Amino acid sequence: MLAAAVEPQLIGESPAVADLRADIERTARSDAKVLITGESGVGKELVARAVHAHSTRAARPFVAVNCAGLPETLLESELFGHVKGSFTGAYRDKQGKLEMADGGTLFLDEVGEMTLRMQGLLLRFLETGELQKVGADRSRTTVNIRVIAATNRNLRELISQQAFREDLFYRLNVIHLLVPPLRERRTDIPDLVQRFLQRSTATGHYALRAVSPEAMDALTKYSWPGNVRELQNLVERLVVTCQREIAQPDDLPPEIRLLPFGAYRPRRERRRTVSDELYQKLLDTGESFWTLVYPLYMQREITRGNLRDLIRKGLQEARGNYRIVVRLFNMPHGDYKRFLNFLRTHECQVSFKEFR
Ligand SMILES: Nc1ncnc2c1ncn2[C@@H]1O[C@H](COP(=O)(O)OP(=O)(O)O)[C@@H](O)[C@H]1O
Ligand SMILES: [Mg+2]
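Residues numbered from 1 in each chain as written. Chains lettered and ligands numbered in written order. Predicted model: local features only at pLDDT ≥ 70, side-chain atom pairs only at ≥ 80, totals over all residues. Heavy atoms only, no water.

**Quick word on the sheet that holds strand β5 (residues 105-109)**
- Sheet architecture is open: 5 strands sit in the order β2-β5-β8-β1-β9, paired in parallel fashion. Every other strand in the sheet has two partners, leaving β2 (62-66) and β9 (175-178) as the edge strands with one partner each. When strand polarity is set aside, the average angle formed by the axes of neighbouring strands in this sheet is 20 degrees.
- Pairing between strand β1 (residues 34-37) and strand β8 (residues 146-151): 4 bridges, direction parallel. (Pairing = 2+ DSSP bridges. Helix = DSSP H or I, 4+ residues; strand = E, 2+ residues; numbered from the N terminus. Axes fitted to C-alpha atoms, helices over the stretch in contact; angles between N-to-C directions.)

Okay, here's the thing in structure tokens:
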């Protein structure tokens, strides 16, 4: 596929997004490595695609790899490729993503989730430009790619915990782009709502045409822990479910519509709503617990109580089996120990016995 994909459109007129657009243009003029940071759903991948689309590599591939979704050995072969027979299940030679991206841009999403060994392999590749397929002895290929990495983790913190290599950090972080959370650029919300509404109603027959000023007010005041992704999903759902031409506040989910009165509502109920919403989102979006819930908790966007409630919901569904919770929350099963350790460290473990 040679034709460049549809150019990624960054919606929003806030000063923050205007700055970001200027940064993207400037970044696209160089070929340096880029590190994009920001919470989940803020638009990091969109920014990476925009940099690629404005760069001289635009006609070449943009290849995205999610470093969080795969166990280490699979990620290695995903990136570097493998030769037939190099491990059980390797029935034929496989081209790696690094090779596919030759001449273009490689987007390493969730780079903070890489194991230390993978980080070492990546660093070696970045230093030499040579890639070695899994199971191949000599044959090395050299590729020419631009690397853009993204993370919602605080890499400096990971470095201090010796979970991320400092040398790799400096290699990736030549240009740093920070995408701010949606709640810090609320003036973008009406634009985003309008444009997502247009997009979603363009195909098919729907009643919904617009959002009332009162509903827009509620949307603008909500904190959007899942950022633009959450907003986009909400609009898409609204288009399908709303029977009216103009959406009113009571067409919105309670956690959004009731926000202005939130202070008067009992605490317990508010907490339950947050975990309900997160639980639903884990199931709907297929996003991993580590990228959706973990950062919210670490940044104190949600409380320990919220987290415990979420775990309870998972355990209820899984009839007290933590391994099933791991799967339910979209983590690879190898994360079982890490997940339980995390819960223990933060005193969020819920006894499975209640749910048996
Ligand atoms: N400024 C924006 N304008 C239009 N769409 C956006 C914007 N920011 C994010 N999106 C959309 O929101 C969703 C999440 O963005 P994404 O880049 O995947 O976030 P992240 O990689 O930071 O988790 C995508 O569908 C993306 O197209
Ligand atoms: Mg992403």
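**A short note on the environment of E347**
- Along the chain, E347 falls in the segment after α17 (336-345).
- For E347, a relative accessible area of 52% gives the class exposed.
- Counting along the chain gives 43 residues from E347 to R304, while the straight-line C-alpha distance between them is 8.1 Å. (Buried < 20%, exposed > 50% of the residue type's maximum accessible area, 1.4 Å probe, protein only.)

**A look at the pattern of salt bridges**
- For the structure shown, the criterion picks out 24 salt bridges.
- A salt bridge links E78 to K94, with the nearest nitrogen and oxygen atoms 3.3 Å apart. With a gap of 16 residues between them, E78 in helix α3 (residues 72-80) and K94 in strand β4 (residues 94-95) connect regions that are remote in the sequence.
- Owing to a relative accessible area of 29%, K94 belongs among the partly exposed residues under this scheme.
- Of the charged contacts, one joins K97 and E78 as a salt bridge, the two residues approaching to 2.9 Å between their closest N and O atoms. On the criterion of sequence distance, the pair formed by K97 in helix α4 (residues 97-100) and E78 in helix α3 is long-range, its members being 19 residues apart. For the pair shown, K97 and E78 are each scored as buried.
- Overlapping salt bridges bring together E39, R183 and E301 as one network. (Salt bridge = Lys/Arg side-chain N within 4 Å of Asp/Glu carboxyl O.)

**Side note on the domain arrangement of the chain**
- By domain assignment, the chain separates into domain 1 (15-180), domain 2 (185-265) and domain 3 (274-356).
- Looking only at domain 2, the three residues that lose the most surface to domain 3 are P225, R229 and E230, adding up to 59% of its buried area.
- Where domain 2 packs against domain 3, one counts 2 salt bridges.
- With 3 residues, the single largest contributor to the side of domain 2 that touches domain 3 is helix α10 (residues 227-241).
- In terms of residue class, the side of domain 2 that touches domain 3 is made up of 2 nonpolar, 2 polar and 3 charged. (Domains from an automatic or database assignment. Buried area = accessible area lost by both parts, 1.4 Å probe. Nonpolar A, V, L, I, M, F, W, Y, C, P; charged D, E, K, R; others polar.)

**Observations concerning the site of ligand 1**
- For ligand 1, the set of nearby residues contains 16 residues, the closest of which are I11, G41, K44, R229 and Q232.
- Between E45 and ligand 1, the recorded distance is 3.0 Å, taken from a backbone N or O atom to an oxygen atom.
- The contact in question runs from an oxygen atom of ligand 1 to an N or O atom on the side chain of Q232, over 2.7 Å.
- When ligand 1 is considered free in solution it has 560 Å² of accessible area, and contact with the protein chains removes 86% of it. (Near = heavy atom within 4 Å. Polar contact = N/O pair within 3.5 Å; in protein donor to acceptor, adjacent residues only side chain to side chain. Areas by Shrake-Rupley, 256 points an atom, 1.4 Å probe, with all protein chains shown as cover.)

**Examining unusual backbone geometry**
- At E110, a position not held by glycine, the phi torsion is positive, near 55 degrees.
- The backbone phi angle of N330 is positive, close to 60 degrees, even though this residue is not glycine.
- We classify N330 as partly exposed; its relative accessible area is 26%.

**Section: a nonpolar patch on the surface**
- Side chains of L70, L74 and F87 sit close together on the surface and give an oily, nonpolar patch of about 210 Å² of accessible area.
- Under the relative-accessibility criterion, L70 is labelled partly exposed at 30%. (Patch = residues over 30% accessible without salt bridge, like charges linked within 9 Å, V, L, I, M, F, W, Y side chains within 5 Å.)

**Observations concerning the pairing of β9**
- Residues of β9 alternate between two faces, with I175 and L177 buried on one and H176 and L178 left unburied on the opposite face.
- Here 4 bridges tie β1 to β9, and the two strands are oriented parallel to one another. Opposite T37, over in β9, you have L178 as the bridge partner.

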